[in-house]
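Now for the letters of each chain:
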Amino acid sequence: MGRLHRVRWHREGRAVSGKTEDMTRDHRPLARALAADLQAEGVPGRIADLFTSVPRHLFLPDVYWTIDGTRYDRGADPDGWLRTAYSDQALTTQYDDGAEGTGTMGIPTSSSSAPAIMARMLAAAELGSGHRVLEVGTGTGYNAALLSELLGEGRVVTIEIDHRVAVKARTALAVAGYRPGLLTGDGENLSSSSGAGHDRIIATCTVAEIPLSWMEVLRPLGRIVTPWAPSPGLPGGLLAVLDDEGERLSGRFEGALAFMWARGQRGPARAPSGPGAVVGAVEQVDGDPRKSWFDGEMSVLLSLLVPDWFFGLRMEPGAVEPYVWVASTRCASWLHLHADGRVEEGGSRRMFAEFTAGLARWRDEGSPGIGAFGLSVDRATGDRTVWLRAPEYPLWTSDGNPI
Ligand SMILES: C[S@@+](CC[C@H](N)C(=O)[O-])C[C@H]1O[C@@H](n2cnc3c(N)ncnc32)[C@H](O)[C@@H]1O
């Protein structure tokens, strides 16, 4: 560990990718403040300390964006660029799989995740000395460096699907003094080249289906820590912490979070039905039927209570407020929830009744929080069961059938 520190500080003052680092800007007080903030928020000391030891800015490109779309350019504002690198924010480094530069901002497709979320995932993994870990989604390489610092680089393998992203991560890791195993390829379809026998798999992209190949390379009694959402296309997800229990992996969710989706599991290409779609049923309800979908945690709870849908917002021509559209992933059914209490439905599935029944059941159960819910995945088939309080009390299974 000490050797790595010396190597990194030394390299900081040297030419990096053709540029010379400015020694007058010292990142270390910023890194220490970030680590202290993380610890104050409850992150265990040995995890928080990693954020002091591994300089995040070495993993960031000269231009990145915060979630609100603010652009940080190292050349134009070196202080702002460095300060923000050590803030607890996700920093987008790629849009639209690398098609940025077209003038329009699209969908973020690679980033350095927010430090508090990385810390939360590292803590949830309960990494012990001697553990071998596989990370899916190398991105900037920063998390792989944190893992290498914690476990030793020989125990870390990371895989990235985007070739250009992987090349940049390789350079950044080398500059920072870390050499974990780096693979370029689809982390959903791991081959034996990723090395069998990982005690932990940490994914930094969201999945709805736990890939069978993850379960194949996971060691007995291993653990998978991954952002998970019930259906592709949902904007918010949960942190799933799944332990090997023999024929299945199982565990409770550790809160809500939002990560970009694994490439192979992105939202359905089907556009939601718009204004003018053939309406099968209209209902007028008291109050604003959209409110559960506007509340991040509540909409995640809804996704646990009722399977197979995704949603978004859209403006009706001439309207001042957007409506919420909900589309079934099981069939062509849809739902529009309007600010004035109108609920419109199309197709054969009566989703509004399903949401009403799901919420009633949740209230009958004492309105449990996200931590009371969990997921089990069949090792052989990948079939999923969402449960409340214990795997013996399932809410629904992969086939979408409520139990
Ligand atoms: C949130 S970023 C990763 C953050 C990263 N761990 C870091 O520390 O900077 C998610 C990454 O997952 C990658 N990704 C998406 N689908 C993938 C897949 N199927 N296999 C491997 N990487 C994938 C994306 O290209 C993106 O770089």
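Details of the structure are given in the entry above.
Below or above, wherever it landed, is the structure these notes cover.

What counts and how
- Residues numbered from 1 in each chain as written.
- Predicted model: local features only at pLDDT ≥ 70, side-chain atom pairs only at ≥ 80, totals over all residues.
- Near = placed C-beta within 6 Å.
- Helix = DSSP H or I, 4+ residues; strand = E, 2+ residues; numbered from the N terminus.
- Nonpolar A, V, L, I, M, F, W, Y, C, P; charged D, E, K, R; others polar.
- Contact = placed C-beta atoms within 7 Å.
- Core = buried A, V, L, I, M, F, W, Y, C linked by C-beta atoms within 7 Å.
- Buried ≥ 20, exposed ≤ 12 C-beta atoms within 10 Å, placed from the backbone.
- Domains from an automatic or database assignment.
- Axes fitted to C-alpha atoms, helices over the stretch in contact; angles between N-to-C directions.
- Parallel < 35°, antiparallel > 145°, perpendicular 65-115°, else oblique.
- Pairing = 2+ DSSP bridges.

This part covers the site of the ligand. Neighbouring the ligand are 26 residues, the closest being Ser-110, Gly-137, Gly-139, Asn-143 and Gly-187. Broken down by secondary-structure element, the contributors of at least two residues to the shell around the ligand are strand 6 (108-112), helix 7 (142-151) and strand 8 (156-160). Here the shell around the ligand takes 4 residues from strand 6, the largest share from any one element. For the shell around the ligand, the residue count by class is 9 nonpolar, 12 polar and 5 charged.

The next point concerns the environment of Gly-255. Mapped onto the elements, Gly-255 comes out in strand 13 (residues 248-257). When residues no more than four places from it in sequence are discounted, the contact partners of Gly-255 are Leu-238, Leu-239, Ile-370 and Gly-371.

The next thing to look at is the nonpolar core. Taken as a class, soluble globular proteins show a tendency for nonpolar side chains to be buried jointly. Judged by nonpolar contacts, the single largest core of 108 residues is most densely connected at Ala-145, Leu-146 and Val-326. In terms of domain composition, this core takes at least three residues from each of domain 1 (2-204) and domain 2 (281-356). Look past the residues within four positions of Ala-145 in its chain and what remains in contact with it is Val-54, Phe-59, Leu-173, Ala-176 and Tyr-178.

Now for the packing of helix 11 (residues 296-305) against helix 12 (residues 351-364). Put simply, helix 11 and helix 12 touch, their axes get as near as 10 Å, and they point 100 degrees apart. One finds that helix 11 runs roughly perpendicular with respect to helix 12. In this structure, helix 11 uses Leu-301, Leu-302 and Leu-305 to contact helix 12, whose residues at the interface are Phe-355, Gly-358, Leu-359, Arg-361 and Trp-362. Residue classes in the contact of helix 11 with helix 12 are distributed as 6 nonpolar, 1 polar and 1 charged.

This brings us to the sheet that holds strand 10 (residues 198-203). Taken in spatial order, the 10 strands of this open sheet run 9-8-7-10-11-12-13-19-20-21, and their pairing is mixed. Taken across any chain shown, the strands that pair with only one partner, and hence form the sheet edges, are strand 9 (181-184) and strand 21 (394-397). Shown here is a sheet whose adjacent strand axes are inclined to one another by a mean of 20 degrees, direction ignored. With 5 bridges joining them, strand 13 and strand 19 (residues 373-378) adopt antiparallel strand pairing. Opposite Arg-252, over in strand 19, you have Gly-374 as the bridge partner.

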